[in-house]
Amino acid sequence: MRIVTRSRGGPGAAARDPELFEEFYRRHVDAVTRFVARRVEDPHTAADLTAEVFLAVIDSGHTYRPRLGDERAWLFGVARNVTSAERRRVARQHALTGRIAGRRLLEPDDITRLEERLAAERPGRRLLAAMADLPDGERAVLELVAVDQLSVPEAARALGISQVAARVRLHRARGKLRAQVGPPEEVPRRRVDFARSEA
């Protein structure tokens, strides 16, 4: 019995017609699976790559030229590209894993220093969280004065409000922050000094 290696219309037609694609798939799936199985060891990877080969047929079926060889040979070329891409992906993944694994683990002294730094920054984290909860207008004035170091008149001009409104919003914001975070001395003044002079 003769083995037919050419589907009606070839890969190009199979890529456009679901019936022809099914015929093409059934005709070649065993050969493609064997091709892939010779190159990978994991059954899940083999199944995934076989599926990728046939998905690639949909995208590249129009490139098949009968005069250059039969469709099985062309399909093996597609399969070779798919398996090569998988090998490159695995190599990149191994290289990345190697770089990550090669990083220095934290020594106990490093961990102690980080814990001290985290503890020292706790008031600043609380302050930033509290500022996020302020109404927009109050937070805007406080940020301009305490973080951006503008004077109250400058902040009022930047926001397009009167100096009186800016002072009222700043006073409210400071009061709310003191209630949430505690007295100003607990908050690192180098970061946000909300007790700064209003002048």
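For the structure itself, look to the data block above.
Below or above, wherever it landed, is the structure these notes cover. From a predicted model like this one, the values you see are computed outputs, not experimental measurements.

About the thresholds
- Residues numbered from 1 in each chain as written.
- Predicted model: local features only at pLDDT ≥ 70, side-chain atom pairs only at ≥ 80, totals over all residues.
- Heavy atoms only, no water.
- Core = buried A, V, L, I, M, F, W, Y, C linked by side-chain atoms within 4.5 Å.
- Buried < 20%, exposed > 50% of the residue type's maximum accessible area, 1.4 Å probe, protein only.
- Helix = DSSP H or I, 4+ residues; strand = E, 2+ residues; numbered from the N terminus.
- Contact = heavy atoms within 4.5 Å.
- Expected span 1.5 Å × (residues − 1).
- Arc of directions from axis to C-beta.
- Polar contact = N/O pair within 3.5 Å; in protein donor to acceptor, adjacent residues only side chain to side chain.
- Axes fitted to C-alpha atoms, helices over the stretch in contact; angles between N-to-C directions.
- Parallel < 35°, antiparallel > 145°, perpendicular 65-115°, else oblique.
- Nonpolar A, V, L, I, M, F, W, Y, C, P; charged D, E, K, R; others polar.
- Phe/Tyr/Trp six-rings, centres within 6.5 Å; stacked < 30°, edge-to-face > 60°.
- Lys NZ or Arg CZ within 6 Å of the ring centre and 35° of its normal.
- Salt bridge = Lys/Arg side-chain N within 4 Å of Asp/Glu carboxyl O.
- Patch = residues over 30% accessible without salt bridge, like charges linked within 9 Å, V, L, I, M, F, W, Y side chains within 5 Å.
- Areas by Shrake-Rupley, 256 points an atom, 1.4 Å probe, with all protein chains shown as cover.
- Lys, Arg positive; Asp, Glu negative; His and termini not counted.
- Charge placed at Lys NZ, Arg CZ, Asp CG, Glu CD.

## Thoughts on the nonpolar core
Next up, step 1: Within the largest apolar cluster, 20 residues are counted, with the highest numbers of intra-cluster contacts made by Val 53, Phe 54 and Leu 75.
Next up, step 2: Counting residues per element, the ones that place at least two in this core are helix H2 (18-37), helix H3 (43-60) and helix H4 (71-101).
Next up, step 3: Counting residues per element, this core draws most heavily on H2, which supplies seven residues.
Next up, step 4: Sequence-distant contacts of Val 53, that is, excluding residues within four places in its chain, are made with Val 32, Leu 75, Val 78, Ala 79 and Val 82.
Next up, step 5: Listed in part, the 17 residues of the second largest apolar core include Leu 142, Val 145, Ala 173 and Val 181.

## Structural notes on H3
Next up, step 1: Taking 1.5 Å of rise per residue, 18 residues should cover 26 Å, and H3 covers 25 Å from first to last C-alpha, within 8% of that figure.
Next up, step 2: By the burial criterion, the buried members of H3 are Ala 46, Leu 49, Thr 50, Val 53, Phe 54, Val 57 and Ser 60. Looking straight down H3, one finds that the buried residues subtend no more than 135° of arc, so they occupy a single side. Counted as exposed and oriented over 90 degrees from the buried face of H3: His 44, Leu 55 and Asp 59.
Next up, step 3: The N-terminus of H3 is capped by Asp 42, whose side-chain oxygen sits 3.3 Å from the backbone nitrogen of His 44.

## Quick notes on the packing of helix H8 (residues 152-159) against helix H9 (residues 163-181)
Next up, step 1: Between H8 and H9, the least distance of the axes is 8 Å, while the angle of their chain directions is 105°. For the element pair H8 / H9, the angle class is roughly perpendicular. Listed contacts from H9 to Val 152, Pro 153 and Ala 156 of H8 are Gln 163, Ala 166, Arg 167 and Leu 170.
Next up, step 2: Looking at the contact of H8 with H9, its residues break down into five nonpolar, one polar and one charged.

## Let's talk about the side chain of Glu 86
Next up, step 1: Following the sequence through the fold, Glu 86 ends up in helix H4.
Next up, step 2: Within polar-contact distance, the side chain of Glu 86 engages the side chain of Arg 89 at 2.9 Å.
Next up, step 3: Each residue touching Glu 86, except ones within four places of it in the same chain, is listed here: Thr 45 and Leu 49.

## Re the packing of aromatic side chains
Next up, step 1: Taken as a whole, this structure holds four aromatic pairs when the rule is applied.
Next up, step 2: Here the aromatic residues Phe 24, Tyr 25 and Phe 54 are joined through ring pairs into a cluster of three or more.
Next up, step 3: Stacked on the ring of Phe 35, the Lys or Arg Arg 39 has its end atom at 3.6 Å from the ring centre.

## What about the pattern of salt bridges?
Next up, step 1: Following the criterion strictly, the structure yields five salt bridges and no others.
Next up, step 2: Between Asp 136 and Arg 139 there is a salt bridge, and its shortest N-O distance comes to 2.9 Å. Within this pair, Asp 136 and its partner Arg 139 are both found in helix H7 (residues 136-147), separated by three residues, close to a single helical turn.
Next up, step 3: Between Lys 176 and Glu 138 there is a salt bridge, with its nearest N and O atoms 3.0 Å apart.

## Observations regarding a positive patch on the surface
Next up, step 1: Judged by side-chain charge, Arg 34, Arg 38, Arg 39, Arg 72, Arg 80, Arg 87, Arg 88 and Arg 92 come together as a positively charged surface patch.
Next up, step 2: Looking at the positive patch, the element that brings in the most residues is H4, giving five residues.
Next up, step 3: Mapped onto the elements of the fold, Arg 72 is located in helix H4.

## Brief notes about a negative patch on the surface
Next up, step 1: On the surface, Glu 41, Asp 42, Asp 48 and Glu 52 cluster together to form a negatively charged patch.
Next up, step 2: Tracing the backbone through its elements, the reader meets Asp 48 in helix H3.
Next up, step 3: By relative accessible area, Asp 48 is classed as partly exposed at 47%.

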